[in-house]
Amino acid sequence: MTQTIAFAGKGGVGKTTICGMLVQYLCRKNNGAVLAVDADANSNLNEVLGVEVEMTLGDIRENIARADIADPSPIPTGMTKADYADMMFGNALVEGDDFDMLVMGRTQGKGCYCYVNGILSAQVDKYAKNYRYVVVDNEAGLEHISRGILPKVDVILLVSDCSRRGIQAVGRIAEMIKELNLGVKDVKLIVNRAPGGVLNDGVKEEIAKYGLDLIGVVPQDDTVYQYDADGKPSVDVPDTTPIKQAVHQIFDQLKLG
């Protein structure tokens, strides 16, 4: 049975880094195949994981949209646009030794992301059954979950920094999850970048105010910043670093067996 774990939280709190570390953690456990899904239009989960992505779903959408005006057309002679789309979307699945990956990516045209959201939904639905775990890095809100773009989500991990505003943001997301009655089994809070791994009383009060289920606190770790500055995948920071030790303890508690 496939388990889907989705990350949510406002931008800039480190949720993509923690999401990538969960992908790595599950691969090491070797309990089944893992599909990583970057459902953020401003995608960078592949960089956290050290995966080169040549074409996103958004890129393919733009190529198809330009097919009628491009000279020469990207669609081979004798192939329908529908067949070309199926072929290209199949190629968008990046297959790795440890995990596979789908990247939504952004579109270049104006307007909403409804079309590419539909593509993402179709591709995830097509592949999800082949994996033991689907790990999703979402945009700041819950659009992909609430609109049914993703399959049924089992666990939502809310990620916040250690500020009151960050907790308020994930608190509102948690309220939305309840209002939408999404049938999620577990909604947990991870507080990231806490100085010394300790929360002050004000942040604790805010967590209690929203009734959030805190599963762990991740300390501020400059090693992640250094790896990013050097162009190294964030997941490759040593297991002895404070961030890796903290997230591994959190992931152990999830019991994703």
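Check the entry above for the structure.
Analysis parameters
- Residues numbered from 1 in each chain as written.
- Predicted model: local features only at pLDDT ≥ 70, side-chain atom pairs only at ≥ 80, totals over all residues.
- Heavy atoms only, no water.
- Helix = DSSP H or I, 4+ residues; strand = E, 2+ residues; numbered from the N terminus.
- Buried < 20%, exposed > 50% of the residue type's maximum accessible area, 1.4 Å probe, protein only.
- Contact = heavy atoms within 4.5 Å.
- Areas by Shrake-Rupley, 256 points an atom, 1.4 Å probe, with all protein chains shown as cover.
- Lys, Arg positive; Asp, Glu negative; His and termini not counted.
- Charge placed at Lys NZ, Arg CZ, Asp CG, Glu CD.
- Salt bridge = Lys/Arg side-chain N within 4 Å of Asp/Glu carboxyl O.

Section: the overall build of the chain
Alright, step 1. Check the secondary structure of the chain and you find 10 helices and 8 strands.
Alright, step 2. Its C-alpha atoms give the chain principal-axis dimensions of about 65 × 40 × 35 Å.
Alright, step 3. Counting over 257 residues, the chain shows a buried share of 51%.
Alright, step 4. The contacts of the chain with a sequence gap of at least 6 include a subset with a gap of at least 24, amounting to 77%.
Alright, step 5. Carbon and sulfur atoms make up 46% of the accessible area of the chain, which amounts to about 12500 Å² in all.
Alright, step 6. In the chain, 26 positive and 35 negative side-chain charges are present, and the distance between their average locations comes to 6 Å.

Things to note about the pattern of salt bridges
Alright, step 1. According to the stated counting rule, one finds 10 salt bridges in the structure shown.
Alright, step 2. In this structure, Arg 164 engages Glu 205 in a salt bridge whose closest nitrogen and oxygen atoms are separated by 3.3 Å. Taken together, the positions of Arg 164 in helix α7 (residues 164-180) and Glu 205 in helix α8 (residues 201-209) put the pair 41 residues apart, joining distant regions of the chain.
Alright, step 3. Here Arg 164 falls in the partly exposed class, since its relative accessible area comes to 37%.
Alright, step 4. As a salt-bridge pair, Lys 244 and Asp 239 come within 3.3 Å of each other at their nearest N and O atoms.
Alright, step 5. By relative accessible area, Lys 244 is classed as buried at 0%.
Alright, step 6. One connected set of salt bridges, linked through shared partners, spans Arg 164, Glu 205, Glu 206 and Lys 209.

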